[in-house]
Amino acid sequence: MAEYRLDCFGEACPVPLLKAQKKLADLKVGDLLIVEVDHSCAIKNVPEWARKEGHNVEIEEIGDGEWEIYIQKTK
Amino acid sequence: MKLEENKYFKTVVKDAWPYTVGAILLALFNITLLIVRGSPWGISGVLLYWGAKIYKALGGPLQNWAFYSNPANLKGVETPFFSHAGSLMILGIIIGAFFASLAASQFKIRKIKTYRQVIAAVLGGLLMGYATRVALGCNIGGFFSAVASFSLHGWVFGVFVMVGAWIGSKLLVKFFM
């Protein structure tokens, strides 16, 4: 159950989504990926994709215009 | 109760609006605009005039320019900023977006992370600027307003935007990821 952080601060769409997809593919089932973003459309398209894939997703607002997206790989 | 916990504040100010709400509002505002102003929404044509105004202010000779020898094209440059409906609309978009993100406490000045982002932004801007002139519009004037006006060129524009977006995303993954 490892935890990985993906720094996507300063990255505009669709870069956070593409990076998250690439990173999650390398993770094992049960691992947690935390995507750090500051682009509001990323908190829409990243969770949308991850939920569609069946992973557990949670969004945390950590500051003004900054979020962490928690994705737990389920399969 | 704190304002952030109020469900109406959360739905209206904090969270992103659903696409359908956005679509309906855009349609209503565009209809209103067409009635009041006589022409639908456009962005890139106005930016063209902003560019020409700056060029002129810096002493650039517009009169030698074939495009601006057409009085219709020159009119947009010579209309004062605050009398130009298109310019005021873009100003409104920027101010509106600013206050929307401020109200949701999501305003942030993002740092430039790498030089690649600068290169990508400059290249992207040049490509978009050039393309909007040869296509006579951006995704607003060339697609949104065109489709809403039942013009076929909007649909043609839409198909090729998808082709361009597909090529663009391949280039993005190849060079900037």
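Residues numbered from 1 in each chain as written. Chains lettered and ligands numbered in written order. Predicted model: local features only at pLDDT ≥ 70, side-chain atom pairs only at ≥ 80, totals over all residues. Heavy atoms only, no water.

Novice: Quick rundown of the overall build of chain A? Include the residues and the values.
Specialist: Regarding its fold elements, chain A presents two helices and four strands. Along chain A, helices (α) and strands (β) appear in the sequence β-α-β-α-β-β when read from the amino end. Here the C-alpha atoms of chain A give a radius of gyration of 11 Å, agreeing with the 11 Å that 2.2 N^0.38 yields for 75 residues. Its C-alpha atoms give chain A principal-axis dimensions of roughly 30 × 20 × 15 Å. Taking all 75 residues of chain A together, the buried fraction comes to 43%. Considering only contacts within chain A whose residues lie at least 6 apart along the sequence, 64% involve residues at least 24 apart. Accessible area for chain A stands at about 3,800 Å²; split by element, carbon and sulfur atoms hold 47% of it. (Helix = DSSP H or I, 4+ residues; strand = E, 2+ residues; numbered from the N terminus. Rg over C-alpha atoms; globule rule 2.2 N^0.38 Å. Buried < 20%, exposed > 50% of the residue type's maximum accessible area, 1.4 Å probe, protein only. Contact = heavy atoms within 4.5 Å. Areas by Shrake-Rupley, 256 points an atom, 1.4 Å probe, with all protein chains shown as cover.)

Novice: Lay out the interface of chain A and chain B with the relevant residues and their values.
Specialist: If you look at the interface, chain A gives 17 residues, while chain B gives 16 residues. Counting every contact that joins chain A to chain B gives six salt bridges. Between Arg110(B) and Asp38(A) there is a salt bridge, with the nearest N and O atoms lying 3.5 Å from each other. Those elements that provide at least two residues to the side of chain A that touches chain B are β1 (3-8), α1 (15-26) and β4 (66-72) of chain A. The element best represented in the side of chain A that touches chain B is α1(A), accounting for three residues. (Salt bridge = Lys/Arg side-chain N within 4 Å of Asp/Glu carboxyl O.)

Novice: Which residues make up the nonpolar core, and what values do they have?
Specialist: Counting 17 residues, the largest nonpolar core has Leu33(A), Val35(A), Val37(A), Val46(A), Trp49(A), Ile69(A) and Ile71(A) as the members making the most contacts within it. For this core, the element with the highest residue contribution is helix α2 (residues 42-52) of chain A, accounting for four residues. With residues near it in sequence (within four places) discarded, Val37(A) still touches Cys8(A), Phe9(A), Pro16(A), Ala42(A), Ile43(A), Gly65(A), Glu66(A), Trp67(A) and Ile69(A). One finds Leu33(B), Val46(B), Met89(B) and Cys138(B) within the second-largest nonpolar core, a separate group that totals eight residues. (Core = buried A, V, L, I, M, F, W, Y, C linked by side-chain atoms within 4.5 Å.)

Novice: Can you explain the sheet that holds β4(A)? Please cite residues and give values.
Specialist: All names here are of chain A. Spatially, four strands are ordered β1-β2-β4-β3 in an open sheet, and the strand pairing comes out mixed. The open sheet is flanked by β1 and β3 (56-63), the only strands paired with a single partner. Strand after strand, the sheet turns through a mean of 20° between neighbouring axes, direction not considered. Pairing geometry for β3 and β4, over seven bridges, is antiparallel. Note that in β4 the partner of Glu61 across the bridge is Trp67. (Pairing = 2+ DSSP bridges. Axes fitted to C-alpha atoms, helices over the stretch in contact; angles between N-to-C directions.)

Novice: Describe in detail the packing of aromatic side chains, supporting the description with residues and values.
Specialist: One pair of aromatic rings is described through two measures. These are the centre distance and the angle between the planes. Under the defined criterion, the tally for this structure stands at nine aromatic pairs over all chains. Seen from their ring centres, Phe67(B) and Tyr68(B) are 5.0 Å apart, and the 85° between their planes marks the pair as edge-to-face. According to the relative accessible area criterion, Phe67(B) is partly exposed, its value standing at 34%. Aromatic pair Phe98(B) and Phe107(B): ring centres 5.1 Å apart, planes at 85°, arrangement edge-to-face. The rings of Tyr55(B), Trp65(B), Phe67(B) and Tyr68(B) are connected pair by pair, giving a single aromatic cluster. Of note, Lys108(B) hangs over the ring of Phe9(A), and the distance from its end group to the ring centre comes to 4.8 Å. (Phe/Tyr/Trp six-rings, centres within 6.5 Å; stacked < 30°, edge-to-face > 60°. Lys NZ or Arg CZ within 6 Å of the ring centre and 35° of its normal.)

Novice: Can you tell me about the packing of helix α3 (residues 44-57) of chain B against helix α5 (residues 85-103) of chain B, naming the residues and giving the values?
Specialist: Residues and elements named next belong to chain B. Taken N-terminus to C-terminus, the directions of α3 and α5 make an angle of 100°; their axes are 9 Å apart at the nearest point. Between α3 and α5, the angle is such that the two are roughly perpendicular. For the pair α3 and α5, the contacting residues are Val46, Leu47 and Trp50 in the first and Gly86, Ser87 and Ile90 in the second. Considering only residue class, the contact of α3 with α5 consists of four nonpolar, two polar and no charged. (Parallel < 35°, antiparallel > 145°, perpendicular 65-115°, else oblique. Nonpolar A, V, L, I, M, F, W, Y, C, P; charged D, E, K, R; others polar.)

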